[in-house]
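Okay, here's what each chain looks like letter by letter:
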Amino acid sequence: MLNIRFLTEKSSMMLLLLIGFLVYANTLSNGFNLDDTYYTAGNALTADGFSSISRIFSEPTFYNGVDAGFDYRPVAAASFAIQHGIFGDMPFVSHFINLVIYLLTVIILFKLLLKWYAGKNRITICFLICLLFLLHPLHTEIVASIKSRDELLSLLFCLISLYLAFKYLENGKFYLLPVALTFFAMGLLAKYTLLPFLLIYPVCLYFFGDLSFKKSAVVFVMLFTVAICCHLLKASVLPSFERDFSITENALVGDQYSLFHRIATSSYVMGRYLLLHIFPKDLVFYYGANYVRVVTFTNALAVFSLLFHFFLLGYCLKNLRQRSLLVFGIILYGVFMLVFSNLIELAPGMMAERFTYVSSLGFSIVFVLLIATFYEKLRLLLRINPLFVILLFAAAYAVRTFARNEDWKNKDTLYAHDVQVADNSAMVNFLYGDWLLASALEEKKKLQEPGNSWLQPQIDERLKKAQLHFEKTLEINPKDSLALLNKANCLIQLASFAQAEQVLKRSLEVYPDFIEARFTLALSQKYQNRNADAARNLQLVLKTNPNNVIAIEQLNRSQLAIGDTVSALKTLKEGIAANPNSPVPLAEFANYYLQVKDTVTAVVYAEKAAALPPPNRGIFLFLARYFESKGVASKAAFYYAKLQ
């Protein structure tokens with residue numbers, strides 16, 4: 001029988017905490033990664049600390065542009081605001097808090113399992129379930145990604161809610177019930193992905209709380225009421241916002257595939273999830289189209305998965321009245337796998353390891369209880385104590401988790417590793433290419449400093465590598481507008497202007513209104529001194545977006561380069577009218593008057609530009625030298641000081 005004799009309830013919890021800390025300790029030295037800035041430095045609400053708490057509950061959590069708010073996760077956002085108010089924006093603190101939440105979740109889970117399981121060696125059984133759950137490599141994204149605190153808090157609060165509900169059933173203290181419902185609401189307001197707990201919660205009370213079906217239905221109504229209230233709160237805050245998936249994110253988007261394809265692909269996805277639960281070897285931060293294929297039932301894994309999951313359904317229906325932990329584990333696994341299989345609703349990336357957070361608990365329950373149930377048969381078959389099988393899996397999971405945490409150190413390590421695993425994922429290739437391009441451009445700024453010319457070969461190597469990954473993305477999705485744009489940007493930085501122009505024209509053939517591509521095309525033409533062509537494209541950009549001050553700047557310079565001073569003057573007047581608080585058109589006016597040899601008027605506009613943010617070192621230097629040449633020492637000193 002499965003039994004670890006020295007284990008007590010207290011020692012089990014201490015051991016889980018110790019093992020969990022040791023395995024995940026290497027995440028504490030990791031930096032920010034992926035979408036962490038959604039909650040950290042990139043989120044204006046959380047960056048304001050305590051003063052923003054009320055706004056966090058009355059505004060969208062994230063913003064896509066100036067006014068386009070999306071999603072509502074105020075509890076998770078509030079935790080970051082509180083953290084920022086106390087500790088500032090430190091990745092170590094964020095990773096430490098994630099780890100603490102995760103370990104607390106495992107302890108609450110252990111306490112719940114002790115209430116749910118009444119069989120022999122219950123402490124050992126519950127400990128082993130928690131151990132597998134704790135060490136499962138599928139959780140590395142949840143713990144190592146700072147942004148995934150919303151997932152961590154959501155499950156923690158839902159489990160606390162369940163624990164309080166069972167305490168209420170034990171002692172009848174009524175105050176526990178509204179507190180339990182409050183924690184359930186907090187779980188939903190941390191992130192809505194645990195909405196399926198609406199079903200799991202009453203099933204759990206029916207199985208282990210000795211409630212009748214009628215009373216469980218009453219609990220469901222109470223939870224449903226809480227969920228409706230949370231939804232109404234969310235609806236009152238968010239503008240109407242529907243996420244549109246690109247074909248790179250989810251290949252099932254649109255109407256090119258039938259319902260038959262969707263069912264088969266859903267079964268295939270559940271089959272891949274099953275394999276990842278057992279053998280979590282090839283883990284990636286993003287799966288996406290092509291790496292996860294659209295299939296029919298000619299695919300062997302899709303067929304096997306369908307038969308396997310129907311078998312699980314049949315077993316649950318047959319044994320439902322037993323109210324066993326094994327059946328509950330299967331339900332827990334099956335419900336959350338189905339929800340994220342793309343059958344009910346399309347999932348971002350088609351698959352994601354964070355979607356397995358709850359299903360992996362069901363898997364751990366079933367895995368341990370099956371070995372406990374067939375202990376003697378396994379002992380005779382394997383000729384070893386079956387306990388060692390569980391411990392072997394736990395050890396393998398621990399090693400894999402520890403190694404995977406290292407991949408999450410920063411974007412460079414994560415992307416470089418995962419693109420080798422998911423080399424046919426359009427999104428992984430795009431994100432790695434985007435990171436390489438951004439880091440190359442950042443490094444290029446250092447070339448302006450004396451003695452840094454040795455960086456140029458490294459920068460060029462990064463740009464060429466980025467170009468290859470954008471080309472890989474385009475092999476998978478030839479119409480990916482951002483991949484086309486970024487490939488062109490790489491080529492421009494490598495001075496391959498003719499090739500860049502071909503790529504940009506190809507992008508504009510597919511997306512004629514793609515302003516970023518037209519603007520980049522104009523810049524490429526300007527770099528080649530084709531100022532007339534550049535001016536035509538920049539005028540088209542400004543028709544769509546008259547607030548693009550860089551386009552105003554470049555159009556003015558192109559017009560001056562071809563001697564069209566009348567058009568240049570008109571461009572600047574319209575630019576100032578459209579952007580009265582921007583220094584760029586004013587600075588260009590100064591440049592215009594310098595071109596026409598009117599230095600006095602140029603200085604007037606330069607001073608106006610110098611008075612507006614952001615600081616412009618070129619303007620400061622021009623004004624300092626001008627006033628120095630005129631003997632106006634006070635003004636010269638003023639602008640030299642600005643340069644500091």
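Scroll up for the structure.
Residues numbered from 1 in each chain as written. Predicted model: local features only at pLDDT ≥ 70, side-chain atom pairs only at ≥ 80, totals over all residues. Heavy atoms only, no water.

(A) Looking closely at the nonpolar core. In terms of nonpolar packing, the biggest core is built from 183 residues, with Trp116, Phe197, Leu325 and Phe328 touching the most fellow members. Setting aside residues up to four positions removed in sequence, Leu325 forms contacts with Leu113, Trp116, Tyr117, Ile129, Phe208, Ile365 and Leu369. One finds Leu542, Leu555, Leu572 and Ala624 within the second-largest nonpolar core, a separate group that totals 35 residues. (Core = buried A, V, L, I, M, F, W, Y, C linked by side-chain atoms within 4.5 Å. Buried < 20%, exposed > 50% of the residue type's maximum accessible area, 1.4 Å probe, protein only. Contact = heavy atoms within 4.5 Å.)

(B) View of the packing of aromatic side chains. Summed over the entire model, instances satisfying the criterion amount to 40 aromatic pairs. An aromatic cluster is built from Trp116, Phe166, Tyr206, Phe207, Phe208 and Phe328, whose rings are joined through pairwise contacts. Directly above the ring of Tyr192 sits Lys234, whose terminal nitrogen or CZ lies 4.5 Å from the centroid. Between Arg272 and the ring centre of Tyr291, over which it is positioned, the NZ or CZ distance is 4.9 Å. (Phe/Tyr/Trp six-rings, centres within 6.5 Å; stacked < 30°, edge-to-face > 60°. Lys NZ or Arg CZ within 6 Å of the ring centre and 35° of its normal.)

(C) Inspection of the packing of helix H6 (residues 122–135) against helix H17 (residues 387–407) at higher detail. Contact geometry for H6 and H17: axes closest at 8 Å, N-to-C directions at 25°. Classified by the angle their axes make, H6 and H17 are roughly parallel. As H6 runs across H17, the sense of the crossing is left-handed. On the side of H6, the interface is formed by Leu128, Leu131, Leu132 and Leu135, while H17 contributes Leu387, Ile390, Leu391, Phe393, Ala394, Tyr397, Ala398 and Thr401. Along the lines of polarity and charge, the residues of the contact of H6 with H17 split into eleven nonpolar, one polar and no charged. (Axes fitted to C-alpha atoms, helices over the stretch in contact; angles between N-to-C directions. Helix = DSSP H or I, 4+ residues; strand = E, 2+ residues; numbered from the N terminus. Parallel < 35°, antiparallel > 145°, perpendicular 65-115°, else oblique. Left-handed = near helix turned anticlockwise from the far one by under 90°. Nonpolar A, V, L, I, M, F, W, Y, C, P; charged D, E, K, R; others polar.)

(D) Structural detail: helix H28 (residues 599–610). Look at H28: 16 Å from first C-alpha to last across twelve residues, which is about the 16 Å you get at 1.5 Å a residue. All buried positions along H28 are accounted for by Ala602, Val603, Tyr605, Ala606, Ala609 and Ala610. Turning to H28, the residues buried within the fold contact helix H26 (565–578), helix H27 (583–595), helix H29 (617–629) and helix H30 (633–643). (Expected span 1.5 Å × (residues − 1).)

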